[in-house]
Structures are given as C-alpha cells and as structure tokens.
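Each chain, written out:
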Amino acid sequence: MTEPLLKMRGVKLEGRSDEVWSPIINGIDLTLMRGEVLGLIGESGAGKSTLGLAAMGYTRDGVRINAGTVEFDGIDLLAASAATKRNLLGKRIAYVAQSAAASFNPAHRLMDQHVEGPVQHGVMSRTESESDAIELYRKLRLPDPEQIGFRYPHQVSGGQLQRAMTAMAMSCRPDLIIFDEPTTALDVTTQIEVLASIRDIVEQFNTAAIYITHDLAVVAQMADRIKVLLKGDEVETADTRTMLAAPTQEYTKSLWAVRSFQRPRKPAVIVGAVPVISVQSVDARYGTTPVLHDVSFDLHEGRTVAVVGESGSGKSTAARCIAGLLPPAAGQILLDGQVLPPDYRKRSKDQLRQVQMIYQMADTALNPRMSVGRIIARPVQFYLGLTGAVKRKRVDQLLEQIEMEPTEYYNRLPSELSGGQKQRIGIARALAAEPKFIICDEVTSALDQLVAEGILRLLAKLQDDLHLSYMFITHDLATVRAIADEVVVMKDGRVVERGPKDVMFKPPHDPYTELLLSSVPEMDPDWLTNLLAERGVDDIGGAAVDKM
Amino acid sequence: MMWFAIFLVGLAAIAWAFRFAGQAATGKAPYFRDMTFGVAYGYVIGAAVLAWLAWAYMQGRSVDPLIANKFFFLRIAIEGFIICAIAAWLFRLLGRAVGTGWSRKMFRSMPLTASFGVLTILIYAVLAIFAGVLAPYGQEQIIPGVAANIVPGGDPALGGNPDFPFGTDQIGRDILSRLIYGAQNTVGIAFATTLLAFFLGGTFGFLAATLGGWLDQLLSRAVDVLMAIPSLIFALLLMTIASVWAPRTGIPLTVFMVLIIAVIDSTRVFRLARAVGQNIVVMDYIEAAKLRGEGMGYLVFREILPNATAPLLAEFGLRFCFVFLTIAALSFLGVGIQPPLADWGTMVRDLGGFVNYAQFAPLAATAPLLAAGAIAMLTIAVNFVVDWMLQKSSGLKE
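About the cut-offs
Positions within a chain are numbered from 1, following the residues in the order the chain's sequence is written. All chains are assigned letters beginning at A, and all ligands numbers beginning at 1, according to the order in which they are written. Two thresholds apply to this predicted model, a pLDDT of at least 70 for residue-level local features and 80 or more for giving and counting side-chain atom pairs, whereas whole-chain, interface and lining totals are computed over all residues. The numbering of helices and of strands both runs from the N terminus, where a helix is a DSSP run of H or I of at least 4 residues and a strand a run of E of at least 2. Our radius of gyration is a C-alpha quantity, and the globule rule it is checked against amounts to 2.2 Å times the number of residues to the power 0.38. The burial label depends on the number of other C-beta atoms within 10 Å of a residue's C-beta. Counts of 20 or more mean buried, 12 or fewer mean exposed, and intermediate counts mean partly exposed, with C-beta atoms placed from the backbone. Note on contacts: each residue gets a C-beta atom placed from the backbone, and two residues are in contact if those atoms are within 7 Å. Remark: nonpolar core denotes a set of buried Ala, Val, Leu, Ile, Met, Phe, Trp, Tyr and Cys residues whose joining runs through C-beta atoms within 7 Å. The start and end points of each domain follow an automatic or database-based domain assignment. A fitted line through C-alpha atoms represents every axis, and for helices the fit uses only the stretch in contact; the resulting angles, taken between N-to-C directions, go from 0 to 180 degrees. Crossings are classed by handedness, with left-handed meaning an anticlockwise turn of the near helix from the far one by less than a right angle and right-handed meaning a clockwise turn. Under the convention adopted here, Pro, Cys and the residues Ala, Val, Leu, Ile, Met, Phe, Trp and Tyr are nonpolar, Asp, Glu, Lys and Arg are charged, and Gly plus all remaining residues are polar. Two strands form a pair only when DSSP identifies at least two bridges running between them. The pLDDT value tells you how sure the predictor is about a given residue, anywhere from 0 up to 100. Here a helix's expected span is defined as the number of its residues, less one, multiplied by 1.5 Å. Roughly parallel means an angle under 35 degrees; roughly antiparallel means over 145; roughly perpendicular covers 65 to 115; every other angle is labelled oblique.

1. As for the overall build of chain A
Each helix and strand counted, chain A has 24 helices and 20 strands in total. The C-alpha radius of gyration of chain A comes to 25 Å, within 12% of the 24 Å expected for a compact globule of 548 residues. When each of the 548 residues of chain A is scored for burial, the buried share is 46%. Within chain A, counting contacts between residues at least 6 apart in sequence, those at least 24 apart form 69% of the total.

Dropping the structure here:
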C-alpha cells in the first residue's frame with residue numbers, strides 16, 4: 001500500500017461569531033490517495049467548504065483549526081512555515097471556487113491570470129505557460145482555444161469561465177485540486193459540459209481531487225468515494241457505487257429519498273372553465289430588444305404550471321409581464337376572464353392582491369430591517385384592513401400555516417433565519433394577501449435539496465388547502481416532476497412545447513426538451529459516461545460553440 | 001541627509017536582529033518564523049518613535065525654560081492624550097457598573113475611542129445646554145478692572161491670573177466663559193444646520209432614486225450646478241447678499257446662515273442618499289412593496305430609509321464636522337456668527353496673533369489654540385462615535 005497523498009486526522013475547526021468560538025467541524029479523518037477523487041457532500045452549513053480549505057492548511061478569517069493534523073505528501077501543513085506553504089499552494093495544491101465570475105479579476109485577461117501561477121512558482125516561462133494554457137483550453141473543450149485566453153472574464157460565459165478556472169488550477173499540474181461546488185451556479189445543460197471536462201482532465205493527469213457539492217447526482221458522476229457530512233460530523237464514507245446502492249445511515253437515506261417527492265395527479269380541468277390566468281400571445285421587449293415572442297398559456301384554479309428553460313430563455317420575463325412590471329408590447333393577460341391592465345400601477349388594489357410573487361433570493365426579497373411579524377403583517381393590514389389584535393392573530397395563523405412557531409419567530413429579523421425559513425416567510429407574505437395566483441420564481445434553486453423539498457411539500461399542501469394556482473419558474477426538472485400539473489418549455493423567448501406533465505415527460509420530445517431532460521443528472525454513476533457516449537463527445541464542444 | 005540614511009540602515013539592522021532574536025528566544029514560534037522583514041522593521045520604527053516621544057516629553061518637563069518651551073505643546077499633547085484615555089476608560093467602567101441592562105450591554109462592547117467620543121459629546125452637550133449657569137461671566141461681559149490679554153494657565157509668574165484660568169481676550173472678556181457660550185452658539189447652530197441639510201438632501205435623494213426619470217435628471221443636474229461652485233466662496237457670496245437683506249427683513253443673519261449652509265451641504269447628502277437609495281430600490285423587497293401598491297411615503301420611509309441609516313449616519317458625523325468647520329470659517333472671515341456672540345471660529349481669528357509667541361512664550365500662544373482645540377476635540381469625538389455605530393450596524397447585518 002502506498003502512502004496517501006493527503007491525510008487529515010481528527011481535524012477540528014471553530015468559527016467565531018459574536019465573540020464566541022463555536023465548532024464547525026468536530027474531528028474528521030480524511031485520506032486521499034494519488035489520483036483519487038473524493039466527493040464531499042452535505043447541506044449548507046455542514047462544513048464542507050471549511051473542511052475543503054482546511055485540506056490546504058488554510059482557513060478563512062474568523063475560522064481556526066484547533067485540533068488535528070493535515071499532512072500533504074508527508075508535509076505537515078499546519079506546522080509548515082509560510083514559505084513552505086507558498087511553495088505548495090497553487091503549485092501542488094489548487095483550488096477551484098464556486099463562482100468563477102467572482103474569482104477572476106475582471107481587470108485582467110484570462111491568460112494573464114492563468115500564467116501568473118506557473119511563472120511565479122518558476123514552473124514554466126511565460127511563453128511555455130501560454131502555449132500550455134492553450135493546450136489545456138483545448139483539452140477542456142473550450143471554444144476557440146487559441147484566442148479565448150485573450151478575452152476578459154466578462155466576455156466569456158459562466159460555464160466557460162468555470163472551465164478556464166479549472167485550466168488555471170491545472171496550470172502547474174498540481175497533485176491535488178479542491179473543487180468547491182464548481183457547477184452549482186450553472187444551468188443543467190452547461191453543467192454537463194463542465195462536469196465532463198473536469199472529469200476528463202482529472203483522469204488524464206491523474207490528479208487527486210476533493211469534489212465538494214450538495215448535489216448527489218453530480219457527485220455520483222465525479223467521485224470514486226463519497227464522504228457525507230452533517231453539521232460538522234462525518235455520517236459515512238464509502239465507495240460511490242456502494243454508497244448509492246446501499247447507504248447504511250438514516251441521514252444518507254433521507255438525502256437519497258429527496259427526489260422521490262411527487263404529487264398525485266389531479267383530475268382533468270372541467271371543459272369550459274374560466275382559467276385563473278390566461279396569457280394570450282404576449283410579446284415583450286427590453287428597450288428595443290425583443291425578449292418574448294407570442295407566449296400563450298392558461299392556468300386553472302388549484303393547478304400548477306411549470307415554466308422551464310435555461311437562463312435567458314425568458315421565463316422570468318414572462319413572470320414580470322404577468323405581474324405588470326414589464327408591460328407587454330403586444331397581447332394581453334386575463335385574470336378570471338378580465339383583462340388586466342398591462343402596467344401594475346394601473347391595476348386596482350384587488351387585482352394587485354390576486355397576483356402575488358415569491359422570489360428566488362429570499363435574502364433580497366425580505367427587508368433586512370423589518371421583523372418577520374411586520375413583514376407578514378403589512379399585506380394583511382394593507383389589503384384586508386385588519387389592525388391590532390385581529391391582525392396579530394392573522395399573522396400568527398399565517399406563521400402556523402408555513403409551519404413556523406409564531407411566538408418564536410414573530411420578532412426575529414430575516415438575518416436570524418436560515419435560507420429555508422426566509423423562503424417560508426416569503427411564502428407567508430404572499431399568502432397574507434389571500435391571492436388566487438402566485439408566481440414562484442425559482443423559489444427552491446438557492447436551497448439545499450432537503451430544504452427545497454420541504455418548501456415544495458409546503459407549497460403543495462397550501463395549494464390543496466387554499467385552491468391556489470402557481471406559476472412555477474424553474475430550470476430544475478426534478479422540481480417540475482415533483483410539483484407541476486402542466487409544463488411550458490421556453491427557449492429564446494418562445495414557447496417550444498407545452499402540455500400536461502405526463503405527456504411532456506414521455507417521448508417523443510421536441511429536440512430542446514429532449515436536451516433539457518437528458519441533462520438532468522441521475523443517481524447512476526455511469527449516467528454521464530453513457531450520456532456522453534450517446535451524444536458523442538464532440539457534441540458537447542459543439543454546444544459550447546453554439547452558445548458563444 | 002547622509003546621517004538619516006545611516007540611521008535608517010541602522011534601524012534595518014536592528015530589525016533583522018530583533019526578528020532573529022525573537023526566533024531564537026521562542027524556538028521558532030510561527031509568529032516570528034513567518035514574520036516578514038517589513039513587519040519587523042515596522043516594530044523597530046514604532047519603538048524608535050516611542051523612544052523619541054518619551055525623550056521629548058522629558059525635555060518638555062525640563063527646568064530650563066528654553067528647552068521646556070521648545071517641547072511645551074508636545075508635552076501638553078501627550079499629557080492630554082493620556083488624560084483623555086484614562087477619562088474614557090473610567091467613563092466606560094462607570095457605564096458598565098451603573099445603568100439599565102441595555103446601556104450596560106452597550107458599554108461592554110464599546111471600544112475606548114467610542115467611550116471617549118460619547119464622554120466628550122456629553123460634556124459638550126451639558127456645557128451648551130447649561131452655558132448660562134456654568135459660565136462664570138457673561139459672553140459679552142467686559143469685566144471692569146481686569147487687564148486684557150491675560151495669559152492662560154493662571155500662573156501670575158508667567159502673566160496669568162488664577163481667577164481667569166484660561167485668560168482673557170483682547171478686550172478683557174473671560175475666555176473660559178466665551179468657550180462655554182461658544183459651545184452653545186457654534187454647536188447648536190451646526191447641529192440645526194446639519195439636520196436641515198439631511199432633511200433636504202435625504203428626501204430629494206431618495207425621491208430621485210425611487211422615481212428616477214426626469215425628476216432624477218432635474219434634481220441631479222441642479223445639484224451638479226450647485227456643487228460646481230466652490231462651496232466656501234459660494235457661501236461667502238450668499239452671506240454677503242444675506243447681510244444686506246437681514247436688516248431689511250428683520251430676520252437674524254444667523255437664520256440666513258443656517259439656510260445657506262444647509263442648502264449647500266444638502267447637495268452632498270443628496271448624492272449619497274441617491275446612490276444608496278439606488279442600490280436599495282433594485283432589491284426584490286422594494287419590488288414586492290411596489291407590486292403591493294404601496295405609496296411613495298411608505299416606500300421611502302419604511303422600506304428604504306431603515307436600510308440606508310448606516311451610510312447616512314456615517315455621513316451625518318462627517319457632515320456635522322464640515323458644517324461646523326464652515327461656520328467657524330465664515331465666522332473667522334467675519335460673516336458668520338456676529339460679535340459680540342461668542343463663537344469658536346471668531347475667537348481663533350481674534351486671538352490668532354498670539355500664535356507668533358509660540359517659541360518663547362508658549363502659554364500666550366495657547367489662547368487661540370483653546371478654541372481651535374475645542375473644535376478639533378468635538379470633530380474627533382463625533383467621528384469616533386459614528387465609527388463605532390457603523391461597526392455595530394454592519395456587524396448586525398452579518
């Protein structure tokens with residue numbers, strides 16, 4: 001048995017908040033052999049990223065390692081001097097951050113940033129490094145590898161930037177790369193390209209990697225072994241195939257079960273019933289740029305329409321048209337058979353009340369200076385005119401509906417809530433108006449799977465109780481499968497396909513729907529390999545060129 | 001020049017030795033092991049400056065007046081610094097021991113700078129409010145039988161008078177009394193002016209941010225025009241016009257001054273409020289409130305303002321100091337607060353000539369510095385408190 005490349009033993013990490021040190025990681029062992037890929041999964045707050053950084057002997061400000069050892073290739077990283085670490089980091093250990101857009105310096109070209117590492121570490125000269133970069137770009141199937149390095153970060157797409165960052169991490173041919181959620185911010189179709197490139201290049205150079213993610217299906221494609229974390233503790237570690245086939249711990253099983261949530265089918269719509277919302281051949285423009293072309297769909301009471309498509313497909317724009325934020329250039333929107341004024345400012349208070357919205361980022365959707373009680377109480381008072389004790393009672397009732405204890409949460413500020421709880425408050429605020437129709441704009445995409453599932457279940461329950469209609473904007477087909485009654489697929493501002501869910505998920509598909517459907521990672525470790533074989537590898541490079 | 005170079009090289013050698021000694025003494029503790037040369041050099045330079053200060057302070061206490069006079073102001077500054085630090089520390093101790101649970105908790109998390117700021121502002125406030133009771137003489141009172149230009153310090157051997165610890169001015173008025181009344185006049189007017197500037201600038205700034213369009217263009221361009229004119233010269237110009245109007249209309253000139261400075265300063269507040277407001281109006285919660293059908297008043301005062309308090313508060317501290325200095329400057333130039341009302345700016349101007357005596361009679365030169373020091377202390381105190389508040393409010397957000 002050869003010596004492991006990375007050996008972490010009993011690592012404990014503490015984070016500082018409000019002058020108190022509280023544990024983040026409570027003693028974790030981690031062993032990584034050369035060329036091995038270890039998947040690190042868990043919910044947000046489980047300490048994945050902190051542990052990943054600790055593997056480099058590094059901690060963020062306000063975090064400290066207070067026990068354990070980190071040994072990289074026989075070097076004790078925690079005791080190593082700054083000079084020793086400087087020689088290792090970037091050269092033998094590299095890091096790929098979640099948001100490449102935020103990690104590249106926008107003022108320099110990709111190439112200038114790429115060559116900095118090798119030149120500084122004295123691995124290569126600048127010219128050598130530049131030609132090597134082009135080689136790496138080619139291997140990562142970036143379009144136009146000769147020229148792409150001479151662009152600025154904002155001139156390439158998100159998926160390409162993520163691959164350019166992987167190329168940069170590879171520039172010194174490190175022994176270990178830490179990938180911190182490299183595809184979380186990407187669309188499913190882009191995600192595949194990045195996953196495939198990362199997997200290939202890691203295999204090619206026999207690089208060891210720690211792959212951090214909260215998406216099980218992704219980690220199943222990438223990792224040889226999986227380690228599951230929960231609140232700073234290890235739940236279990238096993239080979240990917242063993243783990244997927246037979247998880248031993250309850251928590252792991254619950255993670256696996258998340259994707260199983262599915263609503264029962266609803267009875268068919270009564271013929272001739274007036275739809276709650278009817279979008280009729282709507283065109284919309286931003287300035288003079290057309291963004292929506294002839295978009296139409298109907299939504300009946302107590303039902304959910306899912307609008308699917310990648311970013312830039314016009315899903316959110318359609319929602320803005322219905323809400324009245326972007327008056328359509330042509331076409332009209334009907335609420336209960338009545339034409340809605342195109343501009344929200346011209347709508348009556350009752351019309352405004354009937355159409356509510358829940359936002360993707362609960363962080364920016366709740367006023368950080370208002371308590372939970374005040375946030376929910378405002379629409380209650382504004383629309384229904386309730387005041388005093390009656391208002392308070394209604395707010396408590398709403399908090400109970402979203403499964404949050406009124407006495408505990410009434411006076412809290414949004415900053416004192418978790419992501420899922422914030423999203424629940426957003427739901428309560430929409431409910432407080434007693435609407436007929438709610439627009440849910442990517443409400444679960446910023447959340448962990450378990451939390452997201454809780455939100456979906458809550459929305460489904462509320463729909464059954466209150467006969468609400470939802471327009472569900474998402475790029476996640478698992479969510480669509482879970483909650484939708486009807487599906488509208490959009491691309492480039494047009495409706496590509498629409499129909500009941502059962503029909504939509506059965507072939508034959510429109511080619512674009514097919515691409516979307518097949519891009520959703522599955523919990524099968526061979527899924528990516530099979531998919532790539534099916535599509536033909538060149539196709540992925542080709543798709544990237546198309547997107548330019 | 002050469003000696004200075006040799007001195008720097010010597011320091012560098014000491015820095016190297018210091019780091020080496022640290023490594024040897026602690027057995028290569030990570031702190032010394034990873035210490036860069038720059039940090040070591042910084043320590044040594046810091047130590048050298050401290051040593052020089054200690055030496056200079058001892059010189060200032062020398063019995064030979066020729067040597068002591070040279071370092072007189074440095075000595076006063078060092079002593080003042082230590083006294084202020086001790087006072088702030090004691091004040092914080094007191095705050096932690098007495099008061100309600102809330103105030104104690106506040107004092108517990110308070111840095112020394114903030115406690116100094118709070119203490120100073122409290123003292124100024126008390127002086128300003130109770131000026132009539134606290135001041136031994138009236139601000140306009142020329143005390144009969146007392147010489148003009150009594151040197152501060154109260155030591156008869158050096159030309160002072162124990163009855164007038166801060167001395168008297170050029171026509172024999174008590175400087176201490178005038179300083180206390182000055183707090184009332186200058187600080188009170190500055191506070192009112194800053195409030196008015198914030199009311200104007202904040203309201204228009206948020207309106208411009210929320211409504212945008214032609215209103216934003218109109219207000220912003222108007223502000224650009226106002227800002228294009230150098231503010232002190234503009235204020236001087238307007239004050240000159242006002243000084244003609246004031247007697248005709250019967251409105252005191254001070255009211256005009258408050259209005260003029262408030263309008264000029266509100267342009268800066270407008271820009272800040274507009275920029276901060278623009279960042280807030282794009283938030284989803286503002287969109288949610290708009291979609292709810294909320295009116296402009298609710299949007300500005302309930303949704304935007306609470307989220308803009310931190311930067312506005314910081315600006316308030318800074319703006320207060322600028323307004324204060326503008327008033328002092330206008331008074332210094334003779335168009336601000338009019339004599340015989342006591343005002344720190346005017347006092348600096350009137351006694352300014354004494355600064356020339358600094359070399360051989362430092363006590364005499366202190367006379368104009370008292371009023372200048374009063375301005376400086378308040379400016380620093382306000383900024384310390386604002387810094388602390390900002391730190392607290394940004395910490396809350398995390």
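Still more ground to cover, so stick around.
2. Overview of the overall build of chain B
The helix and strand inventory of chain B stands at 16 helices and zero strands. Its C-alpha atoms give chain B principal-axis dimensions of about 75 × 75 × 50 Å. Buried positions account for 34% of the 398 residues belonging to chain B.

3. A few points about unusual backbone geometry
Residues and elements named next belong to chain A. The phi torsion at D73 lies on the positive side, around 50°, for a residue other than glycine. Mapped onto the elements, D73 comes out in the loop between strand 4 (63-72) and strand 5 (75-76). With phi around 50°, E442 is a residue other than glycine that occupies positive phi space. If you trace the backbone, E442 turns up in the loop between strand 17 (437-441) and helix 19 (449-466).

4. Some details on the environment of A:R86
Considering the arrangement of structural elements, one finds A:R86 in helix 2 (residues 82-88). A sequence separation of 231 residues divides A:R86 from A:T317, and the C-alpha atoms of the two residues are 48 Å apart.

5. Side note on the nonpolar core
All names here are of chain A. Judged by nonpolar contacts, the single largest core of 162 residues is most densely connected at V307, I322, I376, M471 and F472. The residues touching I376, leaving out its near neighbours within four places in the chain, are V395, L398, I425, A428, R429 and A432. Formed by 76 residues, the second largest nonpolar core is a distinct cluster that contains I24, L142, A169 and I177.

6. Topic: the domain arrangement of chain A
One can read the domain layout of chain A as domain 1 (1-31 + 46-89 + 229-253), domain 2 (91-222 + 513-548) and domain 3 (277-506). Computed over C-alpha atoms, the centres of domain 1 of chain A and domain 3 of chain A are 40 Å apart.

7. Considering the packing of helix 9 (residues 175-211) of chain B against helix 12 (residues 253-281) of chain B
Residue and element names in this part refer to chain B. Packing of helix 9 against helix 12 brings their axes to within 5 Å, and their N-to-C directions diverge by 35°. Crossing angle aside, the handedness with which helix 9 passes helix 12 is right-handed. Considered class by class, the residues forming the contact of helix 9 with helix 12 number 19 nonpolar, ten polar and three charged.

8. Some points on the interface of chain A and chain B
Every contact between the two is made by 19 residues of chain A and, on the other side, 14 residues of chain B. Of all the secondary-structure elements, those providing two or more residues to the side of chain A that touches chain B are helix 13 (349-354), helix 14 (362-365) and helix 15 (372-384) of chain A. Of the residues that constitute the side of chain A that touches chain B, the class distribution is 13 nonpolar, four polar and two charged.

9. Some details on the sheet that holds strand 18 (residues 469-474) of chain A
Residue and element names in this part refer to chain A. An order of 16-17-18-13-19-20 is seen for the six strands of this open sheet, with the pairing classed as mixed. A single partner strand is all that each edge strand has here, and the edge strands are strand 16 (355-358) and strand 20 (494-500). The mean angle between the axes of side-by-side strands here comes to 15°, regardless of whether they run parallel or antiparallel. Sheet topology places strand 19 (residues 486-491) next to strand 20; six bridges connect them, and they run antiparallel. Each bridged residue has a counterpart across the sheet, and for V488 the counterpart in strand 20 is R498.

10. Details of the sheet that holds strand 2 (residues 20-32) of chain A
All names here are of chain A. Spatial strand order, 2-1-4-5: four strands in an open sheet with antiparallel pairing. Of all the strands in the sheet, the pair left with one neighbour each is strand 2 and strand 5. As paired elements, strand 1 (residues 6-17) and strand 4 share eight bridges and run antiparallel to each other. Within strand 4, the position partnered with K12 by the bridge is A67.

11. Focus: the confidence of the model for chain A
Residues and elements named next belong to chain A. With 96% of its residues at a pLDDT of at least 70, chain A reaches an overall mean of 84. The secondary structure element of chain A with the lowest average pLDDT is helix 24 (residues 537-546), at 43, and the one with the highest is strand 16, at 92. Per-residue pLDDT stays below 50 along residues 538-548; that stretch engages in 14 contacts with residues further than four places along the chain or on separate chains.

12. A few points about the pairing of strand 12 (residues 289-299) of chain A
Residues and elements named next belong to chain A. In the sheet, strand 11 (residues 277-286) pairs with strand 12 via seven bridges, with the strands oriented antiparallel. Its bridge partner being in strand 12, R285 is matched across the sheet by P290. Here strand 11 folds back onto strand 12, and the loop between the two strands holds two residues, one of which, G287, carries a positive phi near 65°.

13. A few points about the environment of A:Y344
On the secondary structure map, A:Y344 appears in the loop between strand 15 (338-339) and helix 13. A:Y344 gets classed as buried once you count the C-beta atoms within 10 Å, which come to 22.

14. Focus on helix 8 (residues 188-204) of chain A
All names here are of chain A. The end-to-end C-alpha separation of helix 8 is 24 Å, in line with the 24 Å expected for 17 residues at 1.5 Å each. In terms of burial, helix 8 is a largely internal element, twelve of the 17 residues being buried. Along helix 8, the residues classified as buried are V188, T190, Q191, I192, E193, V194, L195, A196, S197, I198, I201 and V202. N206, located one to two residues past helix 8, shows a positive phi value of around 50°.

15. Some details on the packing of helix 16 (residues 388-401) of chain A against helix 18 (residues 419-432) of chain A
All names here are of chain A. Helix 18 packs onto helix 16 with a crossing angle of 130° between their chain directions and a minimal axis gap of 9 Å. In this view, helix 16 runs oblique relative to helix 18, as classed from their interaxial angle. Handedness of the crossing formed by helix 16 with helix 18: right-handed. Every residue of helix 18 that contacts helix 16 at L398, L399 and Q401 is listed here: A428, L431 and A432. Classifying every residue of the contact of helix 16 with helix 18 gives five nonpolar, one polar and no charged.

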